[in-house]
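Here are the chains, one letter per residue:
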Amino acid sequence: MKRDNVLLLAALVLAGLNMRPLMTSVSPLLGQLRQSIGLSPLAASLLPALPMMMMGAIALVSAPLMQRFSVRKLLLGGLLLLLLALASRLFVTEGRGLVLTTLPGGAGIGIVQMAMPGVIRQRFGQRSAGVTGLWAAALMGGGIGAAISPWLTGQLGWQGALSSWALPVVLAMLLWLFIASRPVARQERAALPSLWRKPRAWTLALSFGLVNGGYAICVAWLPDFYHHLGWPAQAGGSLLGMMIGCQVTGALLLPLLARGRDRRPLLLLTLAMQLSGMLGFLFAPQLAPWLWAGIAGAGLGGAFPLALVLALDHLAQPQAGARLVAFMQGVGFIIAGSMPFIAGQLHTLTGHFTSVWVLQAAVTLLLIALNLRFHPRSYPHAFPEGNC
């Protein structure tokens, strides 16, 4: 492999690792933040919700942005927004300020996630599928911030811990600036009919959003759930970190088991794993918490790339498939962002976390029923024009 491509892979992985600490670094510290700055239940619910909604909003406007700017400029601009959001947390003194940092941070993450597939397609050609898998694994692996933040808090205080995640963003930006760039042609605007009136586009987006909503709920509330059961912050963060590690493993390995065009068997397997983990949190949280987190994490990780492949399977034309994926992620991330907010409000109303895991178990059952509809024979009927 050429030296430039090796550096590009390193830059890609480093950028991916920076995509989740904005959200995951906060959740193990919720108890301390309530005491330090009087973080309200509403603000705690918004901390994971707003970034995901911003990611969805950026995906929905991806077409005009990609027309106007090169993918490299978009990527560096997104990293800059994320850097400013994380660095500003050093000066936060109230819950409202902490919530406000999620807006530019979520926008920056959304821009990077939108630009990266273009970089991969342009620089890796026929190897783009494998590199995309590496990018997805790095993106999920960035959630390990949950395990490290409590330790950083002990060394730097909570403001220093949360803002310290700006340092790896600086490293990513420097590496991207160092890499010799190639001129990138902007994509031609294609006259493709709208997806907004396509029922299948909406069902794919709903499925994608609810799966990622399960991830968002775990990121937002799993450490706090075990903190209420008497666990220290470091242990709760480590549990979430282990779940994210299993998510990365699931994302890398489960898609390799796919055979033929029918993605439903593997998707149903990932959903069954998620359901098992959520039921474990609900009925026996102290019996085998690491097992529940591992099973749920592997299921959530495997479902993410399979959902992307499922959407691309619907359409033969690459540009049309990419547009469907952008729509699915745009609407889906907005749905996903609402899930931890809804879960937080349920916890506030009921006073315990049972309602949160009941909600997620019910959502997973709904997903099982929804994914049974995605038979390959339905693809031509879903998009009869063949190019959406």
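Just above sits the structure.
Residues numbered from 1 in each chain as written. Predicted model: local features only at pLDDT ≥ 70, side-chain atom pairs only at ≥ 80, totals over all residues. Heavy atoms only, no water.

**Q** Looking at this structure, how should I read the environment of leucine 206?
**A** Its location among the elements puts leucine 206 in helix H12 (residues 199-228). The contact partners of leucine 206, leaving out residues within four places of it in the chain, are Ile335 and Leu370. (Helix = DSSP H or I, 4+ residues; strand = E, 2+ residues; numbered from the N terminus. Contact = heavy atoms within 4.5 Å.)

**Q** I'm lost on the packing of aromatic side chains in this one. Help?
**A** How two aromatic rings sit relative to each other is given by the distance of their centres and the angle of their planes. The tally for this structure, following the rule as stated, stands at 13 aromatic pairs. For the ring pair phenylalanine 208 and phenylalanine 304, a centre distance of 5.6 Å and an interplane angle of 45 degrees mean the geometry is tilted. On the criterion of sequence distance, the pair formed by phenylalanine 208 in helix H12 and phenylalanine 304 in helix H15 (residues 289-313) is long-range, its members being 96 residues apart. Overall, the relative accessible area of 1% leaves phenylalanine 208 in the buried class. Accessibility expressed as a relative area gives 10% for phenylalanine 304, which makes it buried. (Phe/Tyr/Trp six-rings, centres within 6.5 Å; stacked < 30°, edge-to-face > 60°. Buried < 20%, exposed > 50% of the residue type's maximum accessible area, 1.4 Å probe, protein only.)

**Q** What should I look at first to understand a nonpolar patch on the surface in this one?
**A** On the surface, a nonpolar cluster with roughly 430 Å² of combined accessible area is contributed by Leu60, Val61, Trp196, Trp202 and Ile334. Positionally, valine 61 belongs in the loop between helix H4 (41-60) and helix H5 (62-68). (Patch = residues over 30% accessible without salt bridge, like charges linked within 9 Å, V, L, I, M, F, W, Y side chains within 5 Å. Areas by Shrake-Rupley, 256 points an atom, 1.4 Å probe, with all protein chains shown as cover. Salt bridge = Lys/Arg side-chain N within 4 Å of Asp/Glu carboxyl O.)

**Q** Hey, could you run me through the side chain of arginine 200 in this one?
**A** Position of arginine 200 relative to the elements: it lies in helix H12. Despite its burial, arginine 200 pairs with no opposite charge, the nearest such side chain being aspartate 262 at 10.0 Å. Of the polar contacts made by the side chain of arginine 200, one reaches the side chain of serine 378; its length is 3.1 Å. Residue contacts for arginine 200: discarding those within four places in its chain leaves His314, Arg373, Phe374, Ser378, Tyr379, Ala382 and Phe383. (Lys, Arg positive; Asp, Glu negative; His and termini not counted. Polar contact = N/O pair within 3.5 Å; in protein donor to acceptor, adjacent residues only side chain to side chain.)

**Q** Is there a simple way to think about the side chain of arginine 20 in this case?
**A** Along the chain, the position of arginine 20 falls in the loop between helix H1 (3-17) and helix H2 (21-24). Nearest to the buried, unbridged arginine 20 among oppositely charged side chains is aspartate 224, at 20 Å. With residues up to four places along the chain from it excluded, the contact list for arginine 20 reads Met55, Ile109, Gln113, Leu139, Gly142, Gly143 and Tyr215.

**Q** Got a minute to help me understand empty space enclosed by the protein in this structure?
**A** Empty space left among the atoms is revealed by rolling a probe the size of a water molecule over them. Taken as a whole and assessed by the stated rule, the structure comprises five cavities of 30 Å³ or more. In this structure, the largest cavity occupies an estimated 100 Å³ of space. Arg20, Leu139, Met140, Val211, Asn212, Tyr215, Gln247, Leu300 and Phe304 together form the lining of the largest cavity. Of all the elements in the fold, those that place two or more residues in the lining of the largest cavity are helix H9 (128-141), H12 and H15. When residues of the lining of the largest cavity are assigned to their parent elements, the largest contribution, three residues, is made by H12. Classifying every residue of the lining of the largest cavity by side-chain character gives six nonpolar, two polar and one charged. Reported here for the second largest cavity is a volume of approximately 70 Å³. Together, Leu204, Ser207, Phe208, Val211, Leu267, Leu271, Ala303, Ala307, Leu310, Met328 and Asn371 line the second largest cavity. Tallying contributions element by element places H12 first for the lining of the second largest cavity, with four residues. A class-by-class count of the residues in the lining of the second largest cavity yields nine nonpolar, two polar and no charged. (1 Å grid on protein atoms, 1.4 Å probe; cavity = no way out; pocket = protein on both sides within 12 Å on 5 of 7 lines; lining within 4 Å. Points joined across faces, edges and corners; volume = space filled by probe spheres on them. Nonpolar A, V, L, I, M, F, W, Y, C, P; charged D, E, K, R; others polar.)

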